[in-house]
Amino acid sequence: PLTLEEVRMLVELFYLPYHHGALAQELLEHFRWLRANSLSVGVPATAPDACGGTRWRGRAQSFQLLCARTCRLHSRFVSTASRALLYDLHPYLWDIRNMLLAASAFILWLGCQSITAPILLGRDAEPWARRGGLFGELQALLPVGNSCDLFYHPPPLFPSSQLYLLRPLLPLDKVSAMAWRGCSEVSQGIQAQLSRAPTLPGRLLGSFLSLSPEYTFVLEDEGGPCGYAAGALHAEGFLQQRDSSWLPAIRHKYPPDLGTGNPALGQEAVLFFHAEPLAVPQPVLRRFPSLVQLGTAPRVLDVGASRSLALCLLSALRANGSRGVFCQVSDADRQQLSFYSKLG
């Protein structure tokens, strides 16, 4: 059964609509302070105000621990609560779990990014755009908090106790052993587990990890990496660089006849890099200046984890001034079309 401490946490997360318990109040205070003082993270260790960065990282660690405790509470609640109580309270706890996955990864991203730009907040949302309680206050603190469509999804019919971790791409992800030699930027875990075709993540993620790694996030479960979100803040420059430098280098290293006698690579995978990419119309680039790409493994059935991926990536792009995003999907790719449709 749930421990007394876990029950206390549950009560403090949903104390009163405009009066929070101790745990919820601590989460909000940490998040507000970390967001407001994020520019102090990039201070060199030898600078006079380097202690500001040390203090920021200390509070960020405390915030991460609180988020992890809440995610574990969700998992424990699903496993131990009675069915009647579970179906009454699970939608609220599921929402908070998803929101804290995104908020935790966003704070991690603020702490490791080298970009120094103010967080640009949108216009004040209408009162109906946000819900009350802890969920609504956390929503307002994310840079995409006014995009209300991102925050409204029905909970799963069958609650899952699966634990997830959402984080920015780490340097170790890029230097670990490769499952496919055709894309040296994709780590073995991401490469092997994100899709049925072992080369698909390399084809989709290679250019992002080479040219825009600072906007790449990884979703993990107990089995390892199971999802990704990648973006390019300035899509026009990104696409020009991809076509002028990254693609020619890949094509030179892996000529079109390479996959013929090498089943491990596969002819289709190699030819993918030799096909001419479709041009993006200028009106699209003007209205939606950032490019995004998201995906999860088939075993990720909880749309809340996918939603957290999207929230985190869009928050990172919005924090550095992006006013809109687009993604490129083949009209024949039913799996990707279904994935994006479920995100709303």
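Residues numbered from 1 in each chain as written. Predicted model: local features only at pLDDT ≥ 70, side-chain atom pairs only at ≥ 80, totals over all residues. Heavy atoms only, no water.

K.L.:
It is not clear to me how the overall build of the protein chain should be interpreted in this structure. Could you clarify?
P.N.:
What the protein chain contains, in helices and strands, is 13 helices and 5 strands. Here the protein chain holds 344 residues, and the buried ones make up 49% of them. Restricting the contact set of the protein chain to residue pairs at least 6 apart, pairs at least 24 apart contribute 72%. Accessible surface computed for the protein chain: about 17,000 Å², of which carbon and sulfur atoms make up 59%. (Helix = DSSP H or I, 4+ residues; strand = E, 2+ residues; numbered from the N terminus. Buried < 20%, exposed > 50% of the residue type's maximum accessible area, 1.4 Å probe, protein only. Contact = heavy atoms within 4.5 Å. Areas by Shrake-Rupley, 256 points an atom, 1.4 Å probe, with all protein chains shown as cover.)

K.L.:
Explanation requested: the packing of helix H2 (residues 22-36) against helix H4 (residues 83-112) in the structure shown.
P.N.:
Packed helices, taken two at a time, are described by the angle their axes make and the gap between the axes. In contact at an axis separation of 11 Å, H2 and H4 are set at 35° when each is read in the N-to-C sense. Viewed along their axes, H2 and H4 form a crossing whose handedness is left-handed. For the pair formed by H2 and H4, the contact residues are Leu27, Phe31 and Leu34 on the first element and Leu100, Ala103, Phe106 and Ile107 on the second. Tallied by class, the residues present in the contact of H2 with H4 amount to 7 nonpolar, no polar and no charged. (Axes fitted to C-alpha atoms, helices over the stretch in contact; angles between N-to-C directions. Left-handed = near helix turned anticlockwise from the far one by under 90°. Nonpolar A, V, L, I, M, F, W, Y, C, P; charged D, E, K, R; others polar.)

K.L.:
Would you explain the confidence of the model for the protein chain in this entry?
P.N.:
It should be kept in mind that the predicted coordinates are not to be read in detail where pLDDT is low. Looking at the protein chain, pLDDT values average 80 and 76% of them are 70 or higher. Segment residues 175-201 is flagged for pLDDT under 50; beyond a separation of four residues in sequence, or across chains, it makes 65 contacts in the model. (pLDDT = per-residue confidence, 0-100.)

K.L.:
What's the story with the packing of H2 against helix H5 (residues 133-141) in this structure? I'm lost.
P.N.:
For the pair H2 and H5, interaxial distance at closest approach is 11 Å and the crossing angle is 5°. When the axis of H2 is compared with that of H5, the two are roughly parallel. Counting all contacts with H2, which are made through Ala24, Leu27, Leu28, Phe31, Arg32 and Arg35, the residues of H5 involved are Leu134, Glu137, Leu138, Ala140 and Leu141. Here the contact of H2 with H5 is built from residues that sort into 8 nonpolar, no polar and 3 charged. (Parallel < 35°, antiparallel > 145°, perpendicular 65-115°, else oblique.)

K.L.:
What should I look at first to understand the environment of Pro1 in this one?
P.N.:
Assignment of secondary structure puts Pro1 in the segment before helix H1 (4-13). A C-alpha to C-alpha distance of 8.8 Å links Pro1 and Ser79, two positions 78 residues apart in sequence. In contact with Pro1, not counting residues within four places along its chain, are Arg76 and Thr80.

K.L.:
So what exactly am I meant to see when it comes to the packing of aromatic side chains here?
P.N.:
Within a pair of aromatic rings, the relevant descriptors are the distance that separates the centres and the angle that separates the planes. Enumeration according to the criterion identifies 6 aromatic pairs in this entry. Ring plane angle 35° and centroid distance 6.0 Å describe the contact between Trp109 and Tyr215, whose orientation is recorded as tilted. One end of the pair, Trp109, is in helix H4; the other, Tyr215, is in the loop between helix H8 (200-211) and strand E2 (216-221), and 106 residues separate them in sequence. Judged by relative accessible area, which is 1%, Trp109 ranks as buried. For Tyr215, a relative accessible area of 1% puts it in the buried group. Among the aromatic residues, those joined into a ring-pair cluster are Phe106, Trp109 and Tyr215. (Phe/Tyr/Trp six-rings, centres within 6.5 Å; stacked < 30°, edge-to-face > 60°.)

K.L.:
Help me out: how do you make sense of the pairing of E2 in this one?
P.N.:
Consecutive side chains of a regular strand alternate in pointing toward one face of the sheet and then the other. Taking burial as the measure, the 6 residues of E2 include 6 buried ones, the bulk of the element. Burial along E2 is two-sided: the residues Thr216, Val218 and Glu220 and Phe217, Leu219 and Asp221 are all buried. Inspection of the sheet shows strand E1 (residues 165-168) paired to E2 by 4 bridges, in the antiparallel sense. Bridge pairing in E2 places Leu165 opposite Glu220. Where E2 and strand E3 (residues 224-232) come together, 6 bridges link them in antiparallel fashion. For Thr216, the partnering residue across the bridge sits in E3 and is Ala230. Taking the residues that link successive antiparallel strands as the turn, the E2-E3 hairpin has 2 residues. (Pairing = 2+ DSSP bridges.)

K.L.:
Any chance you could explain a nonpolar patch on the surface here in plain terms?
P.N.:
Side chains of Val7, Val11, Tyr15 and Leu16 sit close together on the surface and give an oily, nonpolar patch of about 360 Å² of accessible area. Counting through the fold element by element, Leu16 comes out in the loop between H1 and H2. Here Leu16 falls in the partly exposed class, since its relative accessible area comes to 48%. (Patch = residues over 30% accessible without salt bridge, like charges linked within 9 Å, V, L, I, M, F, W, Y side chains within 5 Å. Salt bridge = Lys/Arg side-chain N within 4 Å of Asp/Glu carboxyl O.)

K.L.:
It is not clear to me how the environment of Leu170 should be interpreted in this structure. Could you clarify?
P.N.:
By the element assignment, Leu170 lies in the loop between E1 and helix H6 (171-175). Given the relative accessible area of 40%, Leu170 is considered partly exposed. With 44 residues separating them in the primary sequence, Leu170 and Glu214 have C-alpha atoms 9.5 Å apart.

K.L.:
Please clarify how helix H12 (residues 303-319) should be interpreted in this entry.
P.N.:
Along an α-helix, residues three or four apart share an orientation, since each turn contains 3.6 residues. Between its first and last C-alpha atoms H12 spans 24 Å; for 17 residues at 1.5 Å apiece the expected length is 24 Å, and the two agree. The element H12 is largely enclosed, with a buried count of 15 among its 17 residues. With a side-chain oxygen lying 2.8 Å from the backbone nitrogen of Gly304, the N-terminal cap of H12 falls on Asp302. Taken from the residues just after H12, Gly321 is the one with a positive phi, measuring 100°. (Expected span 1.5 Å × (residues − 1). Polar contact = N/O pair within 3.5 Å; in protein donor to acceptor, adjacent residues only side chain to side chain.)

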